[in-house]
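Here's the letter readout for the chains.
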Amino acid sequence: MSSQDRPTDDAAPYPHVGSPDLPRIERRVLESWAAQGTFEASVDQRSVDDAYVFYDGPPFANGLPHHGHLLTGYVKDVVPRYHTMRGKRVERRFGWDCHGLPAEMEAEKELPVAGRASIIDYGIERFNEYCRTSVLKYTHEWEKTVTRQARWVDFENDYKTMDIDYMESVMWAFKQLWEKGLIYQSNRVLPYSWGAETPLSNHEIRLDDATRPRQDPAVTVAFDLDPLDGDPGPLSILAWTTTPWTLPSNLALAVGPDVVYAVMREGDRLYVLGEDVLETYAPQLEHAERVGSMTGEELVGRTYQPLFPYFSAFASVDPGDPRHGTQRAFVVLGAGFVDTAEGTGVVHIAPGFGEDDQVLADDAGIGMVVPVDDAGRFTDDVPEWAGENVLESNSDIIRHLRDAGRLVRHDSYTHNYPHCWRTDTPIIYRAMSSWYVKVTDIRERLLETNQEINWVPGHIRDGRFGMWLEGARDWSISRNRFWGSPIPVWVSDDPEYPRVDVYGSLAELEADFGVRPTNLHRPYIDELVRPNPDDPTGRSMMRRVPEVLDCWFESGSMPFAQVHYPFENKEWFEDHFPADFIVEYINQ
């Protein structure tokens, strides 16, 4: 076609418009929505009797939005917008998660404090006030970003987890669980962040990449069994561990009752280890010969000499020491979880630093020692390494075992290991007192209601979430921190006159303490003290326990706490619960 034959612009079927300025077009749309109150009208023009209920879980307000927030944000906008177009009234109230480790860790970076003791010296009141003023520093950026992505959200009527109305509803929820027998306190082994100096829940160590590959030392050490008639000679039983720092706290050994153990002689030494691992230990047993066998059942009940002297007194029972159990320590126990898939078929048991260890020792009547402080350092109970971080002590402990002739083998072991989701420090497992929700009592009900949820994608229901529910354990909801909703429990400070009071409202506090709190945060809530009504001497006092609630407990309270239920909006909430739609990041 010649230039003369080519149609002119006037004759073209479509006008030439050039390249569109898409960002400018988007800004004009946003300006139009704002000027006309389009979002507000889309809600107000729909009947309150024809609602589609959407719960928007709160993000942490002291961090900037990232691509993950944007991704879920689009889903949070598209589905409510669709139901709005179908005539439903869809309120979209935004909220802010203000409490917990995110705020506290940020404050520790910006203030001259590090760790619990330092914060106490600095002043809980000053520290929490800093958290309060700084926690909403990025709200403008959030509003700007969420609005720019064309998401319709009600920022004017937002909720904050640090508001007293919200916190009162959380307090009410705690008491409801207490009255149903679903709250208890227990001293047990938990995932513990020595970086944040607080226990963590099991779901927190699964967030994002919190659990990831880590290299640790794996050592095999020899424990001398106490001699018995019929022994072929002095026996040493070989145990394997990837936590050498727990060996100073060893109180027992565990074997598989049905496992067969080989007795190997090398010179004047006799070693006991699982026969299935002899090939694995061939380099260490190159000059040894097999001289016998025994089952794990035959080893159960045998006693041995501890590797370290620190807790040797546990070889007998001292009723005056609360750390002692009803039975002596340094004994071989049978355990179904012991096999020869890894290690030697013999597991070292430190009840203060392992969940299975604690259960096994408790069942055997053996006590517990926890010579590690809040910062993850050895206490004076372990004088050689007192004040040293336990993980950093591994090398010195291994060197000590080698010098003492107890180290049989030293390897490097790469395994998936949990880290603190806020400090990125590797966690340890440590026994400590904590408050729990008895999830195991309601697990069957949770599984039943899970079947009523329309999951997208559908495989989540019986897959990842359903399987998690099937194995759900009791939830540790207390944190040994400062900026959070208080655990509303007051106890007597004199064990001679025990009493526990649990409060579920400001009115209940006012009735007992004579003052209505205007701030439920520490240290103000801790100042509510009264005489113990059950103490005829009048000397003991009722004092609040020091812990605060896990911020995830607060986040989960959002459906009712955002409207101050049951103190306000009772009818509205009961008509709007449960939600029609929720969207969450899969790891939450």
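Conventions and cut-offs
- Throughout this document, residue positions are counted from 1 along each chain, in the order its sequence is written.
- pLDDT decides what is reported in this predicted model: residues at 70 or higher carry local features, side-chain atom pairs at 80 or more are listed and counted, and totals for whole chains, interfaces and linings draw on all residues regardless.
- Think of the side-chain values as coming from all heavy atoms in the structure, minus any hydrogens and water.
- Helix and strand assignments follow DSSP, with helices taken as H or I runs no shorter than four residues and strands as E runs no shorter than two, numbered in order from the N terminus.
- Working definition: with a 1.4 Å probe on protein chains only, accessible area under 20% of the residue-type maximum means buried, over 50% means exposed, and in between means partly exposed.
- Residues count as neighbours in contact if any of their non-hydrogen atoms are within 4.5 Å of one another.
- What sets the accessible areas is the Shrake-Rupley method with a 1.4 Å probe; for residues, cover comes only from the shown protein chains.
- Any two strands with at least two DSSP bridges between them are considered paired.
- The salt bridge definition used is simple: a Lys or Arg side-chain nitrogen within 4 Å of an Asp or Glu carboxyl oxygen.
- Patch membership is restricted to residues that have no salt bridge and whose relative accessible area is over 30%. Joining uses 9 Å for like charges and 5 Å for the nonpolar side chains Val, Leu, Ile, Met, Phe, Trp and Tyr.
- Stacked, tilted and edge-to-face are the three classes applied to pairs of Phe, Tyr and Trp rings, where Trp contributes its six-membered ring and a pair requires centres within 6.5 Å; stacked means planes under 30 degrees apart, edge-to-face means over 60, and tilted covers the rest.
- Two limits define a charge over a ring: the Lys NZ or Arg CZ must be within 6 Å of the ring centre, and within 35 degrees of the ring normal.
- What we call a nonpolar core is a set of buried Ala, Val, Leu, Ile, Met, Phe, Trp, Tyr and Cys residues that are connected through their side-chain atoms within 4.5 Å.
- A positive count includes Lys and Arg, and a negative count includes Asp and Glu. His and the chain ends are not counted in either.
- Where a charge lies is defined by one atom per residue type, namely NZ (Lys), CZ (Arg), CG (Asp) and CD (Glu).
- Expected helix span is given by 1.5 Å per residue-to-residue step, counting one fewer step than there are residues.
- Every definition here rests on a 1 Å grid over the protein atoms only: cavities are sets of points where a 1.4 Å probe fits but cannot get out, pockets are open sets enclosed by protein on both sides within 12 Å along at least five of seven lines, and lining residues have some atom within 4 Å of a point.
- Grid points are joined across faces, edges and corners, and a volume is the space filled by probe spheres set on the points.
- Throughout, the ten residues Ala, Val, Leu, Ile, Met, Phe, Trp, Tyr, Cys and Pro are labelled nonpolar, Asp, Glu, Lys and Arg are labelled charged, and all others, Gly among them, are labelled polar.

What follows covers the overall build of the chain. Of the regular secondary structure elements, the chain holds 18 helices and 21 strands. C-alpha extents for the chain along the principal axes are approximately 105 × 90 × 50 Å. Within the chain, buried positions represent 48% of all 588 residues. Taking all contacts inside the chain whose residues are at least 6 apart in sequence as the whole, residues at least 24 apart take part in 75%. Total accessible area on the chain stands at roughly 29000 Å², and carbon and sulfur atoms take up 50% of it.

The sheet built from four strands is open, its strands ordered β4-β3-β14-β15 with antiparallel pairing. Only two strands of the sheet have a single neighbouring strand rather than two, namely β4 (198-199) and β15 (475-476). Here ten bridges tie strand β3 (residues 183-193) to strand β14 (residues 428-437), and the two strands are oriented antiparallel to one another. Of the residues in β14, the one forming a bridge with Ile183 is Val437.

Attention now goes to the pattern of salt bridges. The tally for this structure, following the rule as stated, stands at 38 salt bridges. The salt bridge partner of Asp56 is Arg151, with a shortest N-O separation of 2.5 Å. In this pair, Asp56 is assigned in the loop between α2 (38-44) and α3 (67-85) and Arg151 in the loop between α7 (139-148) and β2 (154-160), connecting sequence segments 95 residues apart. Since its relative accessible area comes to 4%, Asp56 is described here as buried. Arg151 gets classed as buried once you look at its relative accessible area, which sits at 8%. When the shortest N-O distance is used, the salt bridge between Arg323 and Asp381 registers 3.8 Å. Here Arg323, found in the loop between α9 (296-299) and β11 (331-334), pairs with Asp381, found in the loop between α10 (355-364) and α11 (394-403); they are 58 residues apart in sequence, far enough to count as distant. Since its relative accessible area comes to 38%, Asp381 is described here as partly exposed. Salt bridges sharing partners connect three or more residues here, namely Arg499, Asp501, Asp512, Arg530 and Asp534.

With omega at 0°, the peptide bond leading from Val456 into Pro457 counts as cis. Pro523 follows Arg522 through a cis peptide bond whose omega is 0°. Summarising the element assignment, Pro523 is placed in the loop between α15 (506-513) and β19 (530-531). Of note in this structure, Ala150 is not a glycine but carries a positive phi near 70°. With a phi close to 55°, Asn569 is a non-glycine residue in the positive phi region. Here Asn569 shows up in the loop between α17 (558-561) and α18 (570-575). When its relative accessible area of 40% is taken as the criterion, Asn569 is described as partly exposed.

For the rest of this paragraph, the subject is a nonpolar patch on the surface. On the surface, Leu22, Ile25 and Val29 cluster together to form a nonpolar patch covering roughly 240 Å² of accessible area. Residue placement: Ile25 occurs in helix α1 (residues 22-36). By relative accessible area, which is 39% here, Ile25 ends up partly exposed.

This part covers the packing of aromatic side chains. Aromatic rings in a pair are described by how distant their centres are and how their planes are angled relative to each other. A complete count under the given rule lists 33 aromatic pairs for this structure. A ring pair is formed by Trp33 and Trp152, whose centres lie 5.1 Å apart and whose planes are at 75°; its orientation type is edge-to-face. Remark: Trp152 occurs in the loop between α7 and β2 and Trp33 occurs in helix α1; sequence separation between them is 119 residues. What makes Trp152 buried here is its relative accessible area of 11%. Ring geometry for Trp490 versus Tyr503: centroids 5.1 Å apart, planes at 85°, classification edge-to-face. In this pair, Trp490 sits in strand β17 (residues 489-492) while Tyr503 sits in the loop between β18 (500-502) and α15, placing the two residues 13 residues apart along the sequence. One aromatic cluster is present, built from ring pairs that chain together Trp172, Phe560, Tyr565, Phe573 and Phe577. Positioned above the aromatic ring of Trp152, the side-chain terminus of Arg81 is 4.0 Å from the ring centre.

The next thing to look at is the nonpolar core. Ranked by size, the top nonpolar core spans 59 residues in total, and within it Phe223, Ile237, Trp245, Tyr261 and Leu299 carry the most contacts. In terms of residues, this core owes the most to one element, strand β7 (residues 252-255), which gives four residues. Once you skip the residues sitting within four places of it in the chain, Trp245 turns out to touch Phe353, Val372, Phe378, Val390, Leu391, Asn394, Ile397, Ile428 and Tyr429. Core analysis: the next-biggest nonpolar cluster, separate from the first, contains 25 residues, Ile183, Met558, Phe560 and Tyr565 among them.

Moving on, we get to a negative patch on the surface. A contiguous patch of negative charge, built from Glu40, Asp44, Glu143 and Glu156, is present on the exposed surface. Tracing the sequence through the fold places Glu40 in helix α2.

Strand order in this open sheet of four strands is β18-β17-β20-β19, and the pairing throughout is antiparallel. Each having just a single partner strand, β18 and β19 make up the two edges of the open sheet. Two elements, β17 and strand β20 (residues 541-544), share three bridges in a ladder whose sense is antiparallel. Bridging across to β20, Ser492 finds its partner in Met542.

Attention now moves to helix α8 (residues 164-179). If you check α8, its first and last C-alpha atoms are 22 Å apart, about what 16 residues at 1.5 Å a residue would give, namely 22 Å. Of the residues making up α8, those classed as buried are Tyr166, Met167, Glu168, Ser169, Val170, Met171, Ala173, Phe174 and Lys175. Positive backbone phi, at 75°, marks Gly181, one or two positions downstream of α8.

Counted under the stated rule, the structure contains four cavities of 30 Å³ or more. The volume enclosed by the largest cavity comes to roughly 80 Å³. If you go around the largest cavity, the residues you meet are Gly100, Leu101, Glu104, Glu204, Trp421, Arg479, Arg481, Trp483, Val548, Leu549, Asp550 and Cys551. Only α4 (101-110) and β21 (548-549) provide two or more residues apiece to the lining of the largest cavity. Classifying every residue of the lining of the largest cavity by side-chain character gives six nonpolar, one polar and five charged. There is about 50 Å³ of room inside the second largest cavity. Lining the second largest cavity are Asp216, Thr242, Thr243, Trp245, Leu391, Asn394, His415 and Tyr417. In terms of residue class, the lining of the second largest cavity is made up of three nonpolar, four polar and one charged.

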